[in-house]
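# Examining the three-dimensional arrangement
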Amino acid sequence: MPAGEWVMLSYRLPREPSGPRTTLWRRLKRLGVAQLSDGLVALPADARTREQLEWAADDVIGAGGTAGVWLARPTTVAQERELAEGMAAARSAEYRELAARCSAVAAAEPADRRRALRRLRAEWRAIGRRDYFPPAARDEAAAALRELERSLTAEPVR
């Protein structure tokens, strides 16, 4: 079975000022990249991920750094599996944290639960946008969100 195509961003930014480095780090974290080494990240290739990394490269160059976007294929299925498993593990940790926060807010007052539910749903969507290899923890987080929502619909009107 041949490995799939990945889009890679190779970049180097000056240490100072630190603002562009921090901005890039946050953006790459939001995208859910696989960190291959310092200054080298990858995502499964599609039009959206390629565009996102091209924009990141433009920002790096605009901040006085160097950057390039590449399309590549791992030479073995095992290499690709390792990348996918690492990305899935990172998303799994995020989903488990979301499920724990759902449970933690379950005993709160209804108004606080409603606010928390809105925030947690937004976080669910954000995680989903960077979830290229959905782990089992995704279903657990979805169940925790549904349970939190049910707790509000079961609440008597005062």
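Everything below is about the structure shown above.
Residues numbered from 1 in each chain as written. Predicted model: local features only at pLDDT ≥ 70, side-chain atom pairs only at ≥ 80, totals over all residues. Heavy atoms only, no water.

### Re the overall build of the chain
Inclusion rule: For the purposes of this entry, the term helix denotes a DSSP run of H or I that reaches at least four residues, the term strand denotes a run of E that reaches at least two, and both are numbered from the N terminus. The quantity called the radius of gyration is restricted to C-alpha atoms. Its globule counterpart is 2.2 Å times the number of residues to the power 0.38. Only protein chains enter the calculation, and the probe is 1.4 Å; a residue is then buried if its accessible area is under 20% of its type maximum, exposed if over 50%, and partly exposed in between. Should any heavy atoms of two residues lie within 4.5 Å, those residues are considered in contact.
For the chain, the count of helices and strands is 5 helices and 4 strands. Counting helices and strands in the order they occur from the N terminus, the chain gives β-α-β-β-α-β-α-α-α. Whereas a compact globule of 158 residues would reach a radius of gyration of roughly 15 Å, the chain reaches 19 Å, over 25% beyond that. In terms of overall dimensions, the chain has C-alpha extents of about 60 × 45 × 25 Å along its principal axes. Out of the 158 residues belonging to the chain, those deemed buried represent 38%. Partitioning the contacts of the chain with sequence separation of at least 6, the portion at a separation of at least 24 is 77%.

### Focus: the side chain of E94
What counts is decided by this rule: Think of a polar contact as two N or O atoms within 3.5 Å of one another; within protein, one of them needs to be a possible hydrogen donor and the other a possible acceptor, and neighboring residues in sequence only count if both atoms come from side chains.
Secondary-structure assignment places E94 in helix α3 (residues 77–105). Since its relative accessible area comes to 18%, E94 is described here as buried. Side chain to side chain, E94 and R91 meet in a polar contact 2.5 Å long. The residues contacting E94, other than those within four sequence positions of it, are I127 and R130.

### Regarding the packing of aromatic side chains
What counts here: Stacked, tilted and edge-to-face are the three classes applied to pairs of Phe, Tyr and Trp rings, where Trp contributes its six-membered ring and a pair requires centres within 6.5 Å; stacked means planes under 30 degrees apart, edge-to-face means over 60, and tilted covers the rest.
Under the criterion given, the structure shown has 2 aromatic pairs. Between Y95 and W124, the aromatic rings sit 5.3 Å apart at their centres with planes inclined by 55°, giving tilted as the arrangement. Of this pair, Y95 sits in helix α3 while W124 sits in helix α4 (residues 110–129), and the two are 29 residues apart along the sequence. Among the residues examined, Y95 registers a relative accessible area of 0% and is labelled buried.

### So, the packing of α3 against α4
Quick reminder of the rule: Simply put, an axis is a line fit to the C-alpha atoms, just over the touching stretch for a helix, and the angle between two N-to-C directions goes from 0 to 180 degrees. Should an angle fall under 35 degrees it is taken as roughly parallel, and over 145 as roughly antiparallel, whereas 65 to 115 is taken as roughly perpendicular and any remaining angle as oblique. When residue character is reported, Ala, Val, Leu, Ile, Met, Phe, Trp, Tyr, Cys and Pro are called nonpolar, Asp, Glu, Lys and Arg charged, and the others, Gly included, polar.
Where α3 meets α4, the closest approach of the two axes is 10 Å, and the angle between their N-to-C directions is 170°. By the angle between their axes, α3 is roughly antiparallel relative to α4. Counted together, R91, E94, Y95, L98, R101, C102 and V105 of α3 and D112, R113, A116, L120, E123, W124, I127 and G128 of α4 form the full contact between these two elements. Its residues assigned to classes, the contact of α3 with α4 shows 8 nonpolar, 1 polar and 6 charged.

None of the figures reported here should be taken as evidence of function without further support.
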